[in-house]
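Descriptive analysis of the structure
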Amino acid sequence: MRYRRAVERLRQLAQACEQTRRVPADEPFLREAHVFGDLLSGADPIDHLEIVLVLNLPPEEVSWGTHPPGTAWLVDFLRLDQGGIAYWWRSHQDPVPNHRIHDPVRFWSLDGTDKGVLDALAERRFNLLRGTAPQPQERAPAAGELEAALEHLRAVRDSYWDRQWRRRHRSLSRYPEHHLWEAVQGYLDLLDARDAGNE
């Protein structure tokens, strides 16, 4: 994807994030959106736009590498599955950065779209990015994420053949097999990062 197209896609994504606030709910489900990776260094072309979506869910429901409950509609609404975007989920109670997500910059929150970030990207003024967006918290502790991922993997394994669990985990082109694969992949990704010293 060319750089300009990626920035335009990010603007569209920010607008779509803003539209999620119209969904009736006691508390908004989507709280923040961050961008990281090659776009922030001006690479052209880039393989894909890398974003992080921060959800109003507790950490135990947002295990690394998985699709938390209630995100299927958000994937569809934000058109995340239409190619060109790699996305990850984080709990609003956890730091956004981790072993995979480095130096994320927030471009949308419940306060609205961060126009300064989008303008700085459009004008390739990368030195302004850190000054226009609030700084994220420190990286999530790898040991805690690894433990949570293992607990999630065990929970999926233990429930995998339960009929009610399988029924609840089947919707919008997603099947129980997806949840099992993501639980395995998320855990192994964190384990590999720890073993490689990237935690």
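Described in the following lines is the structure provided in the data block. (Residues numbered from 1 in each chain as written. Predicted model: local features only at pLDDT ≥ 70, side-chain atom pairs only at ≥ 80, totals over all residues. Heavy atoms only, no water.)

1. Observations concerning the nonpolar core
Core analysis: the largest hydrophobic core is formed by 54 residues, its most contacted members being Leu39, Ile51, Leu80, Phe107 and Leu121. It is helix H1 (residues 3–19) that provides the largest number of residues to this core, a total of eight residues. Filtering out sequence-adjacent residues up to four positions away, leucine 80 remains in contact with Leu13, Ile51, Leu53, Leu74, Val75, Ile85, Tyr87 and Trp89. (Core = buried A, V, L, I, M, F, W, Y, C linked by side-chain atoms within 4.5 Å. Buried < 20%, exposed > 50% of the residue type's maximum accessible area, 1.4 Å probe, protein only. Helix = DSSP H or I, 4+ residues; strand = E, 2+ residues; numbered from the N terminus. Contact = heavy atoms within 4.5 Å.)

2. Looking at the side chain of aspartate 119
Along the chain, the position of aspartate 119 falls in helix H3 (residues 115–122). Take aspartate 119: its relative accessible area is 18%, and that puts it in the buried class. At a separation of 3.1 Å, a polar atom in the side chain of aspartate 119 contacts the side chain of arginine 11. Discounting chain neighbours no more than four positions away, the residues touching aspartate 119 are Arg11 and Arg125. (Polar contact = N/O pair within 3.5 Å; in protein donor to acceptor, adjacent residues only side chain to side chain.)

3. Some remarks on the sheet that holds strand E2 (residues 49–55)
Across the sheet, which stays open at both edges, the five strands sit in the order E3-E2-E1-E4-E5 with mixed pairing between neighbours. Strand pairing shows two members of the sheet lacking a second neighbour, strand E3 (85–91) and strand E5 (112–113), which therefore form its edges. Looking at chain direction, strand E1 (residues 30–36) and E2 are connected through six bridges and run antiparallel. If you follow phenylalanine 36 over to E2, its bridge partner there is glutamate 50. H1 rests against E1, E2, E3, strand E4 (105–109) and E5 of the sheet, and its axis sits at about 40° to E4. Across the sheet, H3 is in contact with E1, E4 and E5; its angle to E4 comes to roughly 130°. (Pairing = 2+ DSSP bridges. Axes fitted to C-alpha atoms, helices over the stretch in contact; angles between N-to-C directions.)

4. Thoughts on the packing of helix H5 (residues 142–159) against helix H7 (residues 176–195)
When two helices pack together, their arrangement is captured by the angle between the axes and the distance separating the axes. Close contact between H5 and H7 brings their axes to 9 Å; oriented N to C, the two are set at 155°. By the criterion of interaxial angle, the relationship of H5 to H7 is roughly antiparallel. Between H5 and H7 the crossing geometry is left-handed. Contacts from Glu145, Leu146, Ala149, Leu150, His152, Leu153 and Val156 in H5 reach His179, Leu180, Ala183, Val184, Tyr187, Leu190, Leu191 and Arg194 in H7. Among the residues making up the contact of H5 with H7, the classes are represented as 11 nonpolar, two polar and two charged. (Parallel < 35°, antiparallel > 145°, perpendicular 65-115°, else oblique. Left-handed = near helix turned anticlockwise from the far one by under 90°. Nonpolar A, V, L, I, M, F, W, Y, C, P; charged D, E, K, R; others polar.)

5. Side note on the pairing of E3
Burial analysis of E3 places seven of its seven residues in the buried class, the great majority of the element. Because side chains alternate across E3, one face comprises the buried residues Ile85, Tyr87, Trp89 and Ser91, and the other comprises Ala86, Trp88 and Arg90, equally buried. For the handedness criterion, the β-α-β arrangement of E2, helix H2 (residues 72–77) and E3 is classed as right-handed. (Right-handed = clockwise from strand over helix to strand, strands pointing away.)

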